[in-house]
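Each chain, written out:
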Amino acid sequence: MEQLNCVYLDDVESQRKRFGHWIERSWKKLDTGVPINVKCSGTPEDALEDLRAGNVQLFIADLLIGEGKRQLPLGLSSIEQARSEHGGQLAIVALSIGNGGFEDRAKNAGADCYISKQYLIDRSEDDILGTRMLEALRAHDHEPVMCALSALKYSEDDLALASLVHGVGKKHLLNLAVRAIGRRCHEIRPQFLRAGLSGAAVVRVDCDIDVPEGNPPDTRSILLKISNRREVLDAELGKDTSMFPDELFVRFLVDDVVGSGPWSAIAAPFKASNTLLGWLTAAVRSEVEIPGMFSMLFSQVGLAEVYQRLAPIDSRPNIELSGVITPARRARVLESLEDLGRLTAKYAPNAGFDVSLLRAYLRTGSIDGVSAEGFRNGSLRCWSHGDLHGRNVLITTSGPRLIDPANVQQMHWAADIARLIIDLFMSGWDKGDASHEWNAFQDWFKTLEVLLQGEAVTAPSGSMNWNIAQAVNWLRMNGCEIHGIPKTRDWEFRLALGVELLRAAYRQQELPSPKRGLGLAGACMALRQAKAAATAGGSVLE
């Protein structure tokens, strides 16, 4: 709906002028960006003819027609006739100066809602009128669209993006982008970044702003997080990040959630060359670029300082880390075991893949024969991002910055870095068509084994895999040092890596089946390594 066409029935001329003006003003106060055209009719017959003329989305009818004591609720029959002729295509709002039980009668006749004229007059308020108009329109799938649908440009070949566009709806996606940026646009280009278990999706949106003729072009980019659960986005907007350096997180573009129909969104300005994952897989980086970028993130921007404020917790580290796998995630990993277990075993015959080991860990927390209570007590937590992966780190002209603070909390010290390592490796190594081939599985597994052991991963110079190798090597080698943790606790780091590999196993929307199988096989290996290192370091009880 690029213009709202409304027919207003009222037989009193002064009322037609007064409320006709209120209808226009109340709609404009909603700031939908969609213009309104109100056609005022003085008789039921004229109103019905105006409706039949076509392309009318809203009918507002005064119920009392006539003068003085002869006023009758003839507007009810007009509503009945309009509903009969136009069905679910028409939104209907009923008005009346009196009460007389008209609300129930109006709704029975086919009106979507009823408002007392006296209520509006007494309070000199018309906000409720615009709100009710919008609610009635949305009940019939008439969502104000601030741009022509043709303004949305995307490729159906991008399956993840096409699925999102069709799921959310073109008009809702347009509205969310334009309402977040606060300007009318003549072209909007979304790019899919990621989707999560919560149902929220994140897209980058490049918006070409409408400018006066002769002015230079104005293109702005935003990150849009979209969900049909507004309460989740409200919570993220209100998230306290004061324990992190002020410049670390990208600030939200608006102070409130924007909405369109059943969908809501929050937005942040995208003043970046790329996400970290995109930056690592877009071009070959020099030997100093990647270490320099991580040094800036952890040392100069100050993330390491936050990580080093460690708080001892009266809990076993293995139990702290197993809590990352919520019941919903546990169910998805077990489902992945059923779906991919045989293929994983087939393509990793020498990997020591053991379904029973993973099932035991997921169900009881035991690790290769050692119960969850068989490890020494004494864990350490620090403030953490909570979802630190390669698409939540932006590479900006001012250095690396973080987005998506929804999961900020105190967590086991190794959780953040472990998630970033596994995400970069699983998403970035052999990115593209090669990641769909099971034939490369054994080579991936050998590389992952080296990474988990804390040794340097190698890849051909000049390849995208070389970039990923440099990134994960830096993080793995410096993981304990970033937190000020002694190497004797490296078994916890290995266990954290195993937990993240299990999470990778259910990332169906982001990882192809062979990579998810790699998550299962790698988790087995990481759990065994963690147990062996814990035993050697005296962290397993005799």
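Right, let's walk through the structure included here.

Conventions used here
- Residues numbered from 1 in each chain as written.
- Predicted model: local features only at pLDDT ≥ 70, side-chain atom pairs only at ≥ 80, totals over all residues.
- Heavy atoms only, no water.
- Helix = DSSP H or I, 4+ residues; strand = E, 2+ residues; numbered from the N terminus.
- Buried < 20%, exposed > 50% of the residue type's maximum accessible area, 1.4 Å probe, protein only.
- Contact = heavy atoms within 4.5 Å.
- Areas by Shrake-Rupley, 256 points an atom, 1.4 Å probe, with all protein chains shown as cover.
- Lys, Arg positive; Asp, Glu negative; His and termini not counted.
- Charge placed at Lys NZ, Arg CZ, Asp CG, Glu CD.
- Axes fitted to C-alpha atoms, helices over the stretch in contact; angles between N-to-C directions.
- Parallel < 35°, antiparallel > 145°, perpendicular 65-115°, else oblique.
- Nonpolar A, V, L, I, M, F, W, Y, C, P; charged D, E, K, R; others polar.
- Pairing = 2+ DSSP bridges.
- Expected span 1.5 Å × (residues − 1).
- Arc of directions from axis to C-beta.
- Left-handed = near helix turned anticlockwise from the far one by under 90°.
- Core = buried A, V, L, I, M, F, W, Y, C linked by side-chain atoms within 4.5 Å.

## Digging into the overall build of the protein
So, point 1. Regarding its fold elements, the protein presents 20 helices and 16 strands.
So, point 2. Looking at the 542 residues of the protein, the share that counts as buried comes to 54%.
So, point 3. The long-range fraction of contacts in the protein, counting pairs at least 24 apart against all pairs at least 6 apart in sequence, stands at 72%.
So, point 4. When the accessible area of the protein is evaluated, it comes to approximately 23,200 Å², of which 47% is carbon and sulfur surface.
So, point 5. Charge separation in the protein, taken as the distance between the mean sites of 60 positive and 68 negative side-chain charges, equals 3 Å.

## Side note on unusual backbone geometry
So, point 1. Positive phi outside glycine occurs at D404, with the angle close to 65 degrees.
So, point 2. Within the element layout of this structure, D404 appears in the loop between β15 (399–402) and β16 (409–412).
So, point 3. Judged by relative accessible area, which is 7%, D404 ranks as buried.
So, point 4. One non-glycine residue, D430, lies in the positive phi region at around 50 degrees.
So, point 5. With respect to the secondary-structure elements, D430 resides in the loop between α16 (415–428) and α17 (441–452).

## Re the packing of helix α15 (residues 355–364) against helix α20 (residues 513–536)
So, point 1. It is the contact of α15 with α20, at a shortest axis distance of 10 Å, that shows an interaxial angle of 75 degrees. With respect to their mutual orientation, α15 and α20 come out roughly perpendicular. On α20, the residues that touch L357, L358 and Y361 of α15 are L520, A523, C524, L527 and R528.
So, point 2. Looking at the contact of α15 with α20, its residues break down into seven nonpolar, no polar and one charged.

## Structural notes on the side chain of N465
So, point 1. Mapped onto the elements, N465 comes out in helix α18 (residues 464–483).
So, point 2. Contact partners of N465, with chain neighbours within four places excluded, come to G428, W429, D430 and A459.

## With respect to the sheet that holds β16
So, point 1. Pairing in this open sheet of three strands is antiparallel, and the strands run β12-β13-β16 from one edge to the other. Each of the sheet's edge strands pairs with one partner strand only, and the pair in question is β12 (311–313) and β16. With strand direction ignored, the average angle separating the axes of adjacent strands in the sheet is 45 degrees.
So, point 2. Note that strand β13 (residues 379–384) and β16 share four bridges and pair antiparallel. Considered in β16, the bridge of R381 is made with H412.

## Structural notes on helix α1 (residues 13–29)
So, point 1. Here α1 spans 24 Å end to end across 17 residues, near enough to the 24 Å set by a 1.5 Å rise per residue.
So, point 2. Among the residues making up α1, those that are buried are Q15, R16, F19, G20, W22, I23, S26 and W27. With its buried residues spanning 160 degrees around the axis, α1 presents them on a single face. The exposed residues of α1 that point more than 90 degrees off its buried face are K17, K28 and K29.
So, point 3. Lining the buried residues of α1 we find β1 (4–9), β2 (36–41), β3 (58–62), β4 (91–96), α5 (117–123) and α6 (127–139).
So, point 4. D31, located one to two residues past α1, shows a positive phi value of around 55 degrees.

## Looking at the packing of α18 against helix α19 (residues 490–504)
So, point 1. The geometry of α18 relative to α19 is characterised by a closest axis approach of 10 Å and an angle of 130 degrees between their N-to-C directions. Relative to α19, the element α18 lies oblique. Here the hand of the crossing between α18 and α19 comes out right-handed. Where α18 approaches α19, its residues L475, R476, G479 and C480 are matched on the opposing element by D490, F493, R494 and L497.

## Concerning the sheet that holds β2
Hydrogen bonding along the main chain pairs the strands of a sheet, whether they run parallel or antiparallel.
So, point 1. Reading across from one edge, β2-β1-β3-β4-β5 is the order of the five strands in this open sheet, with parallel pairing throughout. Looking at strand neighbours, the two that pair on one side only are β2 and β5 (113–116), the edges of this open sheet. Neighbouring strand axes in the sheet, compared pairwise and without regard to direction, differ in orientation by 20 degrees on average.
So, point 2. Relative to the sheet, helix α2 (residues 44–52) contacts β1, β2 and β3, its axis offset from that of β1 by approximately 165 degrees.

## Focus on the nonpolar core
So, point 1. In this structure, L276, F294, F298, L358 and L424 are the most contacted members of the largest nonpolar core, which totals 96 residues.
So, point 2. When near neighbours in sequence (up to four residues on either side) are disregarded, F294 contacts L276, S299, L420, L424, A471, W474 and L475.
So, point 3. Ranked by size, the runner-up nonpolar core spans 30 residues in total, among them A177, A180, I188 and L224.

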